[in-house]
Amino acid sequence: MIEVNNIGFSYLISSQKILNGISFKIHQGEIFGFLGPSGAGKSTTQKILYKILHGYTGEIKIAKKPLHDWDKSYLEKIGVGFEFPNHYLKLTGRENLQLFGSFYNANKLKPIPELFELVGIQDAIDKKVATYSKGMKMRLNFIRAIMHEPDILFFDEPTAGLDPGNAHKIKMYIKQLKEQGKTIFITTHNMNTADELCDRVSFINEGTLQITDTPQALKSRHGKHTVSVLLKNKMQQEFPLKNLGTNPEFLSFINSQEVEKIQTMEATLEEVFLKVTGKTLN
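A brief structural summary. In this text the structure is predicted, and so the values were computed from the model without any measurement.

1. As for a nonpolar patch on the surface
Here's step 1: Taken together, Tyr 88, Leu 99 and Phe 103 make up a surface patch of nonpolar side chains, about 310 Å² in accessible area.
Here's step 2: Looking at where Phe 103 falls in the secondary structure, it is placed in the loop between α3 (93-101) and α4 (112-118).
Here's step 3: With relative accessibility at 52%, the residue Phe 103 sits in the exposed group.

What follows is the structure in structure tokens.
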């Protein structure tokens, strides 16, 4: 669905390269993530893809068609959830969606009350957005991105500013969008969001892609191939995963006392990122 080949970009006010010849593909129905610290080039890449930034080098194709060749119909095809909510504060939530909905094909629009109920802000539908909390604005931002049933969705830090409960709801709905065949590109520095949602992730650092793979493969490749067993008496020991079920030492240990916890010693995505790039995700 999205093909990016050797994209480079610099802002006019700076000679420093923001993107250094990055290339990647995102398949239809895939959730793809850019994981990296602030200033790594995540948001810049997305802004190029939804045609806010121009003047890049390289080639981009959307649904096998060069991005340059897409006309205004492209805006019907994509939905964007910005990191920082940008609404008309003096309008109500309903009025904001009515305004933005007027830009799209009316036949594809979801009913506004249904959208507000989806993210749990139905009681604020006719309140001015100026009265909304940051979390409510983020949820309004989310439903604005999906209201016209786009084929491709760009989310920049989709759970930022949300409490754990509402963050979970948004992540579950993003998974539902994937099941509907939507192509979803997420940028984040939140390793948990990337781990829970993404089919594949790319680590981006200083405008360069370092590695691309599934979260599970990255964690397995860069972690220990062992399990840690903690007994009720607080005795703890690690055992190799290979031939674990027939390992007499492991079997003897778990039968010696009630087991409290068994966990694999794979790395977290944050640990993998630090190992690969030498940088933290802050």
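2. Describing the side chain of Lys 219
Here's step 1: Of note, Lys 219 is situated in helix α8 (residues 215-222).
Here's step 2: By relative accessible area, Lys 219 is classed as buried at 8%.
Here's step 3: Setting aside residues up to four positions removed in sequence, Lys 219 forms contacts with Asp 195, Glu 266, Ala 267, Thr 268, Leu 269 and Val 272.

3. Some remarks on the packing of helix α5 (residues 134-146) against helix α6 (residues 164-179)
Here's step 1: Closest axis-to-axis distance for the α5/α6 pair is 12 Å, and the angle between their directions is 10 degrees. When the axes of α5 and α6 are compared, the pair comes out roughly parallel. On the side of α5, the interface is formed by Arg 139, Phe 142 and Ile 146, while α6 contributes Asn 166, Ile 170, Tyr 173, Ile 174 and Leu 177.
Here's step 2: Of the residues contributing to the contact of α5 with α6, the split by class is six nonpolar, one polar and one charged.

4. Overview of the side chain of Thr 183
Here's step 1: Locating Thr 183 in the fold gives a position in strand β8 (residues 183-188).
Here's step 2: A polar atom in the side chain of Thr 183 sits 3.2 Å from the backbone nitrogen of Gly 29.
Here's step 3: Contact partners of Thr 183, with chain neighbours within four places excluded, come to Met 1, Ile 26, His 27, Gln 28, Gly 29, Glu 30, Asp 151, Ile 152 and Leu 153.

5. Quick word on α5
Here's step 1: Its 13 residues give α5 an end-to-end C-alpha distance of 19 Å, which sits within 8% of 18 Å, the value for a rise of 1.5 Å per residue.
Here's step 2: Gly 135, Met 136, Met 138, Arg 139, Leu 140, Asn 141, Phe 142, Ile 143, Arg 144, Ala 145 and Ile 146 are the residues of α5 that are buried.
Here's step 3: Turning to α5, the residues buried within the fold contact β6 (78-81), α3, α4, β7 (152-156) and α6.

6. Thoughts on the sheet that holds strand β2 (residues 19-26)
Here's step 1: Read across the sheet, four strands follow the order β2-β1-β4-β5 without closing on themselves; strand pairing throughout is antiparallel. One side of each edge strand has no neighbouring strand; the edge strands of this open sheet are β2 and β5 (65-66).
Here's step 2: One ladder, built from five bridges, connects strand β1 (residues 2-9) with strand β4 (residues 57-62); its direction is antiparallel. Bridging across to β4, Ile 2 finds its partner in Ile 62.
Here's step 3: Its contacts with the sheet put helix α1 (residues 42-49) on β1, β2 and β4, and the angle it makes with β2 is roughly 65 degrees.

7. Quick notes on the pattern of salt bridges
Pairs may arise between side chains of opposite charge once their charged atoms sit close together.
Here's step 1: Considering all chains together, one arrives at eleven salt bridges under this definition.
Here's step 2: The partner of Asp 126 in a salt bridge is Arg 94, with the nearest N and O atoms 2.8 Å apart. Of this pair, Asp 126 sits in the loop between α4 and α5 while Arg 94 sits in helix α3, and the two are 32 residues apart along the sequence.
Here's step 3: The exposure class assigned to Arg 94 is partly exposed, which follows from its relative accessible area of 25%.
Here's step 4: The salt bridge involving Lys 224 is made with Glu 238; its shortest N-O contact spans 3.6 Å. Here the residue Lys 224 occupies a position in the loop between α8 and β11 (226-231), and Glu 238 occupies one in strand β12 (residues 236-240), the gap between them amounting to 14 residues.

8. Digging into unusual backbone geometry
Here's step 1: For Lys 64, which is not glycine, the phi torsion reads 70 degrees and is therefore positive.
Here's step 2: Locating Lys 64 in the fold gives a position in the loop between β4 and β5.
Here's step 3: Here Glu 206, not a glycine, exhibits a phi torsion of approximately 55 degrees, which is positive.
Here's step 4: If you trace the backbone, Glu 206 turns up in the loop between β9 (200-205) and β10 (208-213).

9. A short note on the packing of aromatic side chains
Here's step 1: Per the stated rule, a full pass over the model turns up 18 aromatic pairs.
Here's step 2: Judged by centre distance (5.4 Å) and plane angle (75 degrees), the ring pair of Phe 239 and Phe 250 falls under edge-to-face. With a gap of eleven residues between them, Phe 239 in strand β12 and Phe 250 in helix α9 (residues 248-255) connect regions that are remote in the sequence. Phe 250 carries the same exposure label as Phe 239, and that label is buried.
Here's step 3: Aromatic rings pair up to connect Phe 24, Phe 32, Phe 34, Tyr 50, Phe 82, Phe 154 and Phe 185 into one cluster.
Here's step 4: The ring of Trp 70 has Lys 65 lying over it, and the distance from NZ or CZ to the ring centre is 4.4 Å.
Here's step 5: A cation over an aromatic ring shows up here: Arg 144 above the ring of Phe 100, its NZ or CZ 4.3 Å from the ring centre.

Reading the values: rules and limits
- Residues numbered from 1 in each chain as written.
- Predicted model: local features only at pLDDT ≥ 70, side-chain atom pairs only at ≥ 80, totals over all residues.
- Heavy atoms only, no water.
- Patch = residues over 30% accessible without salt bridge, like charges linked within 9 Å, V, L, I, M, F, W, Y side chains within 5 Å.
- Areas by Shrake-Rupley, 256 points an atom, 1.4 Å probe, with all protein chains shown as cover.
- Salt bridge = Lys/Arg side-chain N within 4 Å of Asp/Glu carboxyl O.
- Helix = DSSP H or I, 4+ residues; strand = E, 2+ residues; numbered from the N terminus.
- Buried < 20%, exposed > 50% of the residue type's maximum accessible area, 1.4 Å probe, protein only.
- Contact = heavy atoms within 4.5 Å.
- Axes fitted to C-alpha atoms, helices over the stretch in contact; angles between N-to-C directions.
- Parallel < 35°, antiparallel > 145°, perpendicular 65-115°, else oblique.
- Nonpolar A, V, L, I, M, F, W, Y, C, P; charged D, E, K, R; others polar.
- Polar contact = N/O pair within 3.5 Å; in protein donor to acceptor, adjacent residues only side chain to side chain.
- Expected span 1.5 Å × (residues − 1).
- Pairing = 2+ DSSP bridges.
- Phe/Tyr/Trp six-rings, centres within 6.5 Å; stacked < 30°, edge-to-face > 60°.
- Lys NZ or Arg CZ within 6 Å of the ring centre and 35° of its normal.

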